[in-house]
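Descriptive analysis of the structure
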Amino acid sequence: MERKRCSWCNINNPLYVRYHDEEWGIPLRDDGRMFELLVLESFQAGLSWECILNKREAFRMAFDDFAVAEVACYDEAKIKSLLANPRIVRNRRKIEAAIANAGVFMAIQREFGSFDRYIWQWTSYQTVCEQGLASSHLSDEVSGDLKRRGMKFVGTKIIYSFLQAIGVIYSHEEGCYLARLAGGQACLHF
């Protein structure tokens with residue numbers, strides 16, 4: 001019998017099913033993976049997450065496995081090579097934002113000791129449980145702070161999706177086989 005999943009999960013796409021089942025909403029504490037998801041979420045703007053997820057391996061190769069210090073040093077030659085890569089989303093503004101955001105990401109790491117500490121401090125290291133939203137007071141606050149620090153393509157909806165992806169916000173839908181796990185988690189309600 002097939003497990004019931006969140007309505008947005010395309011069960012005909014094994015990558016999407018694996019992402020839903022094994023990644024989305026699970027608390028993440030690794031800065032490198034957070035940077036990857038932040039970049040991928042910013043590339044999603046105007047597109048579907050499934051589109052980006054299907055290109056994830058190509059993005060990893062093109063962006064040096066999202067090594068933040070390397071991305072921060074990309075020059076015009078690297079930008080041109082990314083713009084010529086048909087396997088990724090070729091948008092100059094998003095590529096330039098990824099580069100600039102890498103520098104801000106590292107500044108946050110220096111200030112807080114890690115990006116993990118920065119992002120989780122917004123909820124006092126607790127998971128927020130909410131469903132059916134595309135943005136919230138929390139994503140507004142985090143988005144505003146990241147923008148003040150100089151990040152681009154980090155609007156409230158992108159940040160909300162990012163917070164869901166890294167488990168700061170737990171949003172599995174009622175009826176999803178993973179939603180029952182929320183009852184066992186300590187959840188903060190914002």
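Remember, it's a predicted structure, so these values are computed and weren't measured experimentally. (Residues numbered from 1 in each chain as written. Predicted model: local features only at pLDDT ≥ 70, side-chain atom pairs only at ≥ 80, totals over all residues. Heavy atoms only, no water.)

Considering the arrangement of structural elements, one finds Trp8 in the segment before helix 1 (14-22). Accessibility expressed as a relative area gives 27% for Trp8, which makes it partly exposed. (Helix = DSSP H or I, 4+ residues; strand = E, 2+ residues; numbered from the N terminus. Buried < 20%, exposed > 50% of the residue type's maximum accessible area, 1.4 Å probe, protein only.)

Contact pair helix 2 (residues 31-44) / helix 7 (residues 92-112): the axes reach a minimum separation of 10 Å and the direction vectors enclose 150°. The pairing of helix 2 with helix 7 is recorded here as roughly antiparallel in orientation. At the point where helix 2 passes helix 7, the crossing takes the right-handed sense. Only Lys94, Ile95, Ala98, Asn101, Ala102, Phe105 and Gln109 of helix 7 make contact with helix 2, whose side of the interface consists of Asp31, Phe35, Leu38, Val39, Ser42, Phe43 and Gln44. Partitioning the contact of helix 2 with helix 7 into residue classes produces eight nonpolar, four polar and two charged. (Axes fitted to C-alpha atoms, helices over the stretch in contact; angles between N-to-C directions. Parallel < 35°, antiparallel > 145°, perpendicular 65-115°, else oblique. Left-handed = near helix turned anticlockwise from the far one by under 90°. Contact = heavy atoms within 4.5 Å. Nonpolar A, V, L, I, M, F, W, Y, C, P; charged D, E, K, R; others polar.)

Bringing the environment of Asp64 into the picture now. Tracing the backbone through its elements, the reader meets Asp64 in the loop between helix 4 (56-62) and helix 5 (68-72). Distance from Asp64 to Ala107, taken between C-alpha atoms, is 20 Å for residues 43 residues apart in sequence. For Asp64, the contacting residues outside a window of four places in its chain are Glu70, Tyr74 and Lys78.

To continue, consider the packing of aromatic side chains. If you walk through the whole model with that rule in mind, you get 14 aromatic pairs. Ring geometry for Phe63 against Phe66: centres 5.7 Å apart, planes inclined by 5°, an arrangement best described as stacked. As far as burial versus exposure is concerned, Phe63 and Phe66 are alike and both buried. Through pairs of rings, three or more aromatic residues link up here, namely Phe35, Phe105, Phe112, Phe115, Tyr118, Trp122 and Phe162. In this structure, Lys78 packs its charged tip against the face of Tyr74, placed 5.0 Å from the ring centre. (Phe/Tyr/Trp six-rings, centres within 6.5 Å; stacked < 30°, edge-to-face > 60°. Lys NZ or Arg CZ within 6 Å of the ring centre and 35° of its normal.)

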